[in-house]
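Observations on the model geometry
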Amino acid sequence: MTVIRSQLLGTGYKLPAKVLTNDDLSKMVDTNDEWISTRTGIRSRHIAAAGETTGDLSYDAALTAIKNAGIRNEEIDFIIVATITGDNTFPATAAKLAQKLGLKPGTPAMDVNAACSGFVYATQIADNMIRLGQVKTALVIGAETLSKITDWTDRNTCVLFGDGAGAAVFRATEGEGTPEDTGVLATKIYADGSQYEHLCSDGGVSVNQKAGFIHMDGKEVFKVAIPSLVQGVEESLKIAGLSMNEVDWYIPHQANLRIIDSVAKKLEIDMEKVIVTVDHHGNTSAASIPLALAESFEAGKFKKGDLLVISAMGAGFTWGGIVIRI
Ligand code: COA
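The rules behind each value
- Residues numbered from 1 in each chain as written.
- Predicted model: local features only at pLDDT ≥ 70, side-chain atom pairs only at ≥ 80, totals over all residues.
- Heavy atoms only, no water.
- Helix = DSSP H or I, 4+ residues; strand = E, 2+ residues; numbered from the N terminus.
- Rg over C-alpha atoms; globule rule 2.2 N^0.38 Å.
- Buried < 20%, exposed > 50% of the residue type's maximum accessible area, 1.4 Å probe, protein only.
- Contact = heavy atoms within 4.5 Å.
- Areas by Shrake-Rupley, 256 points an atom, 1.4 Å probe, with all protein chains shown as cover.
- Lys, Arg positive; Asp, Glu negative; His and termini not counted.
- Charge placed at Lys NZ, Arg CZ, Asp CG, Glu CD.
- Axes fitted to C-alpha atoms, helices over the stretch in contact; angles between N-to-C directions.
- Parallel < 35°, antiparallel > 145°, perpendicular 65-115°, else oblique.
- Left-handed = near helix turned anticlockwise from the far one by under 90°.
- Nonpolar A, V, L, I, M, F, W, Y, C, P; charged D, E, K, R; others polar.
- Near = heavy atom within 4 Å.
- Polar contact = N/O pair within 3.5 Å; in protein donor to acceptor, adjacent residues only side chain to side chain.
- Phe/Tyr/Trp six-rings, centres within 6.5 Å; stacked < 30°, edge-to-face > 60°.

Secondary structure assignment for the chain yields eleven helices and 13 strands. For 326 residues, the compact-globule estimate of 2.2 N^0.38 gives 20 Å, and the C-alpha radius of gyration of the chain, at 18 Å, lies within 12% of that figure. For the chain, the spread of C-alpha atoms along the principal axes amounts to about 60 × 45 × 40 Å. When the 326 residues of the chain are sorted by exposure, 55% land in the buried category. Sequence-distant contacts, at least 24 apart, represent 75% of the contacts inside the chain between residues at least 6 apart. Per element, the accessible surface of the chain, about 13,800 Å² overall, is 52% carbon and sulfur. The positive charge centre, built from 30 side chains, and the negative charge centre, built from 39, are 1 Å apart in the chain.

Structure below.
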């Protein structure tokens with residue numbers, strides 16, 4: 001049976017020029033490279049310049065993705081930005097971006113706030129719209145400037161996060177409706193707000209009219225992260241009618257190497273098939289997966305027909321997974 005599939009046409013990314021190493025951090029707070037690298041796997045992260053916004057990073061990532069997709073900007077008929085650090089409280093960063101990219105007047109644009117699961121959420125929304133025939137070509141972006149909501153005096157959090165943007169272009173194509181098709185084969189998203197206070201901003205427009213700083217109970221988040229990332233993989237594979245031993249690459253949310261290691265063990269996937277970028281990106285929330293995806297494409301890691309499984313977990317809590325054949 002012929003079905004519509006969202007084909008991944010191209011990806012792109014942008015990292016700010018400034019690199020902050022663990023040694024740099026050790027001059028700012030009471031920490032050291034040994035603690036950060038053994039507890040998290042992070043060695044450096046990129047930090048946006050003073051005037052550099054999430055929208056600016058998104059723009060550059062989008063241009064590369066559009067170029068790599070081999071399309072013109074005007075062919076995009078939906079744009080969605082996953083972020084918790086949008087340029088303004090309103091309007092959506094995506095709306096400003098649509099204008100800057102010169103998309104057709106009237107092209108729908110929205111932001112989605114699902115924290116580190118943002119790219120999974122945004123891809124599900126775009127994929128559903130494509131499969132329903134509402135749009136043909138969608139630009140999905142995950143972008144953050146977390147450095148702007150980081151308390152640089154708090155060693156518990158400031159060593160963990162980074163800035164960046166990743167973008168992906170998806171287009172409607174015909175498939176056979178089988179697990180052998182290329183394109184997005186399954187998406188699954190979840191949320192549970194019962195523990196939201198373990199990972200949240202201590203500010204908000206309606207609460208205290210401030211953006212606030214990242215607050216995290218690391219141990220509590222750690223416990224939930226592992227089963228959530230596993231569930232994102234297992235459930236999306238089940239929907240796709242595929243199993244773990246058919247997966248060529250696993251792209252987990254990049255928060256902590258120890259979490260990624262544990263999840264890979266539980267999924268019984270070799271670390272050689274797991275994409276790791278947390279060492280040089282840190283945790284970039286919604287940008288983490290599209291950054292890892294785009295960097296891997298650029299490095300020539302993937303070949304046509306490879307099966308990718310993605311899973312993410314973040315504040316909310318939110319979590320989920322994507323299965324895609326490229
Ligand atoms: N440098 C040096 N010491 C630090 C430190 C730092 N940057 N940050 C914390 N410490 C100290 C703590 O104060 C604590 O000291 P104490 O025992 O004297 O109180 C000690 O190190 C141990 O801290 P702890 O919180 O137990 O470390 P941990 O092994 O749990 O690792 C995290 C902390 C944050 C790395 C880990 O909990 C984690 O990765 N959590 C999940 C994060 C995550 O996935 N977040 C995003 C999801 S989207």
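A word on the environment of Ala61. Relative to the helices and strands, Ala61 is located in helix H3 (residues 54-69). For Ala61, a relative accessible area of 0% gives the class buried. Each C-alpha atom of the pair Ala61 and Ile141 lies 8.1 Å from the other, and the pair is 80 residues apart in sequence.

Before going further, it helps to examine the packing of H3 against helix H4 (residues 93-101). For the pair H3 and H4, the least separation of the axes is 10 Å and the interaxial angle reads 50°. Classified by the interaxial angle, the pair formed by H3 and H4 is oblique. Viewed along their axes, H3 and H4 form a crossing whose handedness is right-handed. Along its contact with H3, which presents Gly55, Asp56, Ser58, Tyr59, Ala62, Leu63 and Ile66, the element H4 presents Thr93, Leu97, Lys100 and Leu101. Residues of the contact of H3 with H4, tallied by class, amount to six nonpolar, three polar and two charged.

Here helix H11 (residues 288-298) lies mainly inside the structure; nine of its eleven residues are buried. Listed as buried for H11 are Ser288, Ile289, Pro290, Leu291, Ala292, Leu293, Ala294, Glu295 and Ser296.

This part covers the site of the ligand. If you check the shell around the ligand, you find 23 residues, and the closest are Thr31, Arg39, Arg155, Lys219 and Asn256. One of the side-chain N or O atoms of Arg39 is found 2.8 Å from an oxygen atom in the ligand. In the model, a nitrogen atom of the ligand is placed 3.0 Å from a nitrogen or oxygen of the Arg155 main chain. Isolated, the ligand exposes 960 Å² of accessible area, and the fraction of that covered by the protein chains is 75%. Among the secondary structure elements, those contributing two or more residues to the shell around the ligand are helix H2 (33-40), helix H6 (155-158), helix H8 (218-240), helix H9 (257-267) and strand S12 (307-314). A per-element tally of the shell around the ligand places H8 first, with four residues. Taken together, the residues of the shell around the ligand sort by class into ten nonpolar, eight polar and five charged.

Here the focus is the side chain of His281. Mapped onto the elements of the fold, His281 is located in helix H10 (residues 278-281). Relative accessible area serves as the criterion here: at 1%, His281 is assigned to the buried category. In terms of polar contacts, His281 uses its side chain to reach the side chain of Glu295, at 2.8 Å. For His281, the residues in contact, after removing those within four places along its chain, are Leu15, Ser44, Arg45, Gly162, Leu291 and Glu295.

The final tally for this structure, using the stated rule, is three aromatic pairs. Taking 5.1 Å as the distance between ring centres and 10° as the angle between the ring planes, the aromatic pair formed by Tyr190 and Trp319 counts as stacked. Taken together, the residues Tyr190 in strand S8 (residues 183-191) and Trp319 in strand S13 (residues 318-325) connect sequence positions 129 residues apart. For Tyr190, a relative accessible area of 16% translates into the label buried. Relative to Phe302, the ring of Trp249 lies with its centre 5.6 Å away and its plane at 65°, an arrangement referred to as edge-to-face.

All we've got here are geometric facts, nothing functional implied.
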